[in-house]
Amino acid sequence: MAATTVTKYSRAIRILHWVLALLLIGLLIAGTIMHNTADEATKFAILKLHAPLGLLAGILLFARTYFAFTQPRPAADPNWSLAVKWGSKIIHILLYVFPHALVGSGIATMVASGLGEILQSGQTAPWPELSGIAFAGAHGLFAKLFLASLVLHIAGAIYHQAIIKDNLIARMMPGK
Ligand code: HEM
Ligand code: HEM
C-alpha cells in the first residue's frame, strides 16, 4: 500500500469507497432486520436481496483490495500524531478485513444451513434453525465488529472535519 505525493485517492478507489459504503451500510441494516424479525416470509424476502447484494459487495471488495495495493494513495499528514496515524491505519485495515469476512461467513452460512438450497428450489419456508451453525454466529459477530470499526471511522472523519479542520474528506471526494 504505497504512500506517494498524490493529494487524492485514485478515481477508482473514490468511486468504490462511496458505492461500497452505501452497499455495506444497506447490508448491515437489512441483515439486522432479517435477523430480528420472526416472520419467515419477511426473512426470505430480505435474504433474496441480502445474499446477491452481499455477493456483489464481495466482487467490488476484491476490486477495491486490488486497487489498494496497486494505486497510489495520499500520505498521512506529517503533522498528525502517532496515535492518529496508526489509529486510522489500523481502522482502515479492519474496514477491509471485516467486510471480506462477512462475505465469506455469509456464503458459508448459506451452504451449511441449507438456506442456499431452499432459495434455489424456490421455497420460502421453513427458515432453518441457525443457532447451531457456527458460521451464522461468526457472521453476526463480524457484523458487530464491522459496525464498531465503521463508527470509529466516521467519528475520525468528523474529528478531522470539525476539530482538526484539515478538510481530509476532500481526499475521498470528486474533483482534481
Ligand atoms: C461502509 C462504510 C465505509 C467503509 C467500509 C470505509 C472504508 C474506508 C477505507 C478502507 C479507507 C482507507 C482508504 C482505502 O484504502 O480505500 C477510507 C478512507 C476514508 N473514508 Fe471511509 N469508509 C466507509 C464510510 C465512510 C463514511 C460514511 C465517511 C464520511 C463520513 C468516510 C470517510 C472517509 C475519509 C475522509 C477517508 C480518507 C481518509 C484518509 O485520507 O486518510 N468513509 N474509508
Ligand atoms: C459484506 C457484506 C455483508 C454484510 C454487511 C452483512 C450483514 C449481515 C447482518 C448484520 C446480519 C444479521 C446478523 C446477526 O445479527 O446475527 C446478516 C445475516 C445474514 N447474512 Fe449477511 N451480510 C453480508 C454478506 C452476506 C452474504 C454474501 C451472504 C450470503 C451469500 C449473507 C447471508 C446472510 C444470512 C443467511 C444471514 C442470516 C443469519 C442469521 O439470521 O443469523 N450475508 N448479514
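This one's a predicted model, so the numbers in the text were calculated from it and none came from an experiment.

K.L.:
When you look at unusual backbone geometry in this model, what are you seeing that I'm missing?
P.N.:
Backbone phi values are negative for most residues with the exception of glycine, while trans is the configuration of most peptide bonds. The residue K165 is not glycine, and still its phi comes out positive at about 55°. As for its placement among the helices and strands, K165 is situated in the segment after α5 (134-164). One non-glycine residue, N167, adopts positive backbone phi at about 50°. Note on N167: relative accessible area 43%, which makes it partly exposed.

K.L.:
Sorry if this is basic, but what is going on with the packing of aromatic side chains here?
P.N.:
How two aromatic rings sit relative to each other is given by the distance of their centres and the angle of their planes. Taken as a whole and assessed by the stated rule, the structure comprises two aromatic pairs. The interplanar angle of 75° and the centroid separation of 5.1 Å between the aromatic rings of F44 and W127 together place this pair among those described as edge-to-face. Of this pair, F44 sits in helix α2 (residues 40-70) while W127 sits in the loop between α4 (115-120) and α5, and the two are 83 residues apart along the sequence. Look at Y66 and F67: their rings are 5.7 Å apart centre to centre, the planes differ by 55°, and that puts the pair in the tilted class. K89 extends its terminal NZ or CZ atom over the ring of W86, reaching a point 5.8 Å from the ring centre.

K.L.:
Any chance you could explain the coordination of the iron atom of ligand 1 here in plain terms?
P.N.:
Angles at a metal have ideal values that depend on geometry: 109.5 degrees with four tetrahedral donors, 90 or 180 degrees with six octahedral donors. Here the iron atom of ligand 1 is held by H17 (NE2) and H153 (NE2), and the distances to it run 2.0 Å. One can describe the donor arrangement at the iron atom of ligand 1 as octahedral, given that its six donor atoms subtend angles of 87 to 179° at the metal. Placement of H17 in helix α1 (residues 11-36) and of H153 in helix α5 is noted, with a sequence separation of 136 residues between them. Using a relative accessible area of 13% as the deciding quantity, one classes H17 as buried. Taking the relative accessible area as the measure of exposure, H153 reaches 25% and is therefore partly exposed.

K.L.:
Teacher, can you tell me more about the nonpolar core here?
P.N.:
Core analysis: the biggest nonpolar cluster contains 15 residues, and L20, L24, A57 and F146 have the highest contact counts within it. Looking at this core, the elements with two or more residues in it are α1, α2, α3 (82-113) and α5. Looking at this core element by element, the count peaks at six residues for α1. When residues no more than four places from it in sequence are discounted, the contact partners of L20 are A57, L60, L61 and R64.

K.L.:
Whenever I open this one, the layout of surface pockets confuses me. Can you help?
P.N.:
Remark: the empty space left among the atoms is shown by a probe the size of a water molecule rolled over them. Here the largest pocket defines a volume of roughly 1300 Å³. In terms of lining, the largest pocket is formed by 42 residues, of which the most central are Y9, S88, H92, L95 and H153. At the level of secondary structure, the elements contributing two or more residues to the lining of the largest pocket comprise α1, α2, β2 (73-74), α3 and α5. Sort the elements by how many residues they give to the lining of the largest pocket and α3 lands first, with 11 residues. Grouping the constituent residues of the lining of the largest pocket by class yields 30 nonpolar, seven polar and five charged. Forming the walls of the second largest pocket are 35 residues, and the residues nearest its centre are G31, M34, H50, H139 and G140.

The rules behind the values
- Residues numbered from 1 in each chain as written.
- Chains lettered and ligands numbered in written order.
- Predicted model: local features only at pLDDT ≥ 70, side-chain atom pairs only at ≥ 80, totals over all residues.
- Heavy atoms only, no water.
- Helix = DSSP H or I, 4+ residues; strand = E, 2+ residues; numbered from the N terminus.
- Buried < 20%, exposed > 50% of the residue type's maximum accessible area, 1.4 Å probe, protein only.
- Phe/Tyr/Trp six-rings, centres within 6.5 Å; stacked < 30°, edge-to-face > 60°.
- Lys NZ or Arg CZ within 6 Å of the ring centre and 35° of its normal.
- Donors = N, O, S within 2.8 Å, 3.2 Å for Na, K, Ca; no water.
- Tetrahedral: all angles 85-135°; square planar, octahedral: opposite > 155°, others 65-115°.
- Core = buried A, V, L, I, M, F, W, Y, C linked by side-chain atoms within 4.5 Å.
- Contact = heavy atoms within 4.5 Å.
- 1 Å grid on protein atoms, 1.4 Å probe; cavity = no way out; pocket = protein on both sides within 12 Å on 5 of 7 lines; lining within 4 Å.
- Points joined across faces, edges and corners; volume = space filled by probe spheres on them.
- Nonpolar A, V, L, I, M, F, W, Y, C, P; charged D, E, K, R; others polar.

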